[in-house]
Structures are given as structure tokens and as C-alpha cells.
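Structural description and commentary
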Amino acid sequence: MYIFSFEKLEVWQNARMFILDIYKLTSKFPSNELFGITSQIKRSSSSIATNIAEGTSRNTNKDKAHFLTISYSSAMETLNHLIISKDLNYVSETEYKESREKIEKICNQINSLKKYYLSQ
């Protein structure tokens, strides 16, 4: 089976694993939030990895960097949802800190990859 370039990126692998973490975390959210914050945080966390993958298929480094900017923005959206989830006591302080650390690592990796593309 052919492995696409995005699948080899550590940042994409970390973002992919983060999606799984978010799905596990939100499985404990109240059922009345299914179409609210649960849906929003799942969508935004998925968008992080999706935009990394989509960006690698672009022809120019400027386009690739643009999709990394979108990916970073999705990470910030996800962090916002996590903060609100903590405020609502849907996630514990420990779960929040662990998730935030993962987002911070992914964001640092996104920024490094973006700088690489823009320096080429």
C-alpha cells in the first residue's frame, strides 16, 4: 500500500492521535450537548489533521503554508472549546491540561513546518 507524504509527518500523526483523544473525552459529555460543543470540538480537532493532509497535496509552498495556517486556527478553535468544556465541568483540570499540552505541541510542530515551507 502506498503511503502518502502527509502520513509520514509527525505533526499529522500527533494530530490524528489527538482526534482520538477528543472523541474519547467527549464520549463523557452530556447527551444534550451532542449537537453543541461535542460536535464543534470533534469537528475542529479533525480539521487540524485534515488541513495538514490537504496542504501537502498543494503545488506551491505558499499554498502548503496557507493550509498550515488554517490547521493552526483549528487548533485554537479546539483549545477554545476545551476551555469552555472545562468551565462547564465536562472535563477535569487534569484532562484539560493534558489536552492543552498536546495542542501546544501540535501547534509548535505546525509552526515549524510552516517556517520550513516558507523558507524554501
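Residues numbered from 1 in each chain as written. Predicted model: local features only at pLDDT ≥ 70, side-chain atom pairs only at ≥ 80, totals over all residues. Heavy atoms only, no water.

For the protein chain, the helix and strand inventory stands at 5 helices and 0 strands. The C-alpha radius of gyration of the protein chain comes to 15 Å, within 12% of the 14 Å expected for a compact globule of 120 residues. Taking all 120 residues of the protein chain together, 40% fall into the buried category. Long-range pairs, those at least 24 residues apart, make up 72% of the contacts in the protein chain between residues at least 6 apart in sequence. In the form shown here, the protein chain has an accessible surface area of approximately 7,200 Å², with 53% of it arising from carbon and sulfur atoms. Computing the positive centroid from 16 side-chain charges and the negative centroid from 13, the protein chain places the two 5 Å apart. (Helix = DSSP H or I, 4+ residues; strand = E, 2+ residues; numbered from the N terminus. Rg over C-alpha atoms; globule rule 2.2 N^0.38 Å. Buried < 20%, exposed > 50% of the residue type's maximum accessible area, 1.4 Å probe, protein only. Contact = heavy atoms within 4.5 Å. Areas by Shrake-Rupley, 256 points an atom, 1.4 Å probe, with all protein chains shown as cover. Lys, Arg positive; Asp, Glu negative; His and termini not counted. Charge placed at Lys NZ, Arg CZ, Asp CG, Glu CD.)

Scanning the entire structure with this criterion turns up 5 aromatic pairs. Between Tyr2 and Phe4 the ring centres are 4.9 Å apart and the planes differ by 85°, which places this aromatic pair in the edge-to-face class. In this structure Phe4 comes out as partly exposed when scored by relative accessible area, which is 47%. When the centroid spacing of 6.4 Å and the interplanar angle of 15° are considered together, the rings of Phe4 and Phe6 count as stacked. When the ring centre of Tyr96 is taken as origin, the NZ or CZ atom of Lys86, which lies over that ring, is 5.0 Å away. (Phe/Tyr/Trp six-rings, centres within 6.5 Å; stacked < 30°, edge-to-face > 60°. Lys NZ or Arg CZ within 6 Å of the ring centre and 35° of its normal.)

Another point: the side chain of Lys64. Within the secondary structure, Lys64 sits in helix 4 (residues 61-87). The buried charged residue Lys64 lacks any salt bridge partner; its closest oppositely charged side chain belongs to Asp63, at an N-O distance of 9.4 Å. Those residues within four positions of Lys64 in sequence are excluded, and the remaining contacts are Gly55, Thr56, Arg58 and Tyr117. (Salt bridge = Lys/Arg side-chain N within 4 Å of Asp/Glu carboxyl O.)

Further remarks concern helix 5 (residues 93-119). Residues spaced three or four apart along an α-helix point in a common direction, a consequence of the helix completing one turn every 3.6 residues. Taking 1.5 Å of rise per residue, the 27 residues of helix 5 would be expected to cover 39 Å, and the 39 Å separating its terminal C-alpha atoms lies within 8% of that figure. Those residues of helix 5 that fall on the buried side of the exposure criterion are Glu95, Tyr96, Ser99, Ile103, Ile106, Cys107, Gln109, Ile110, Leu113 and Tyr117. Check the buried side of helix 5 and you find it contacts helix 2 (10-26), helix 3 (37-56) and helix 4. (Expected span 1.5 Å × (residues − 1).)

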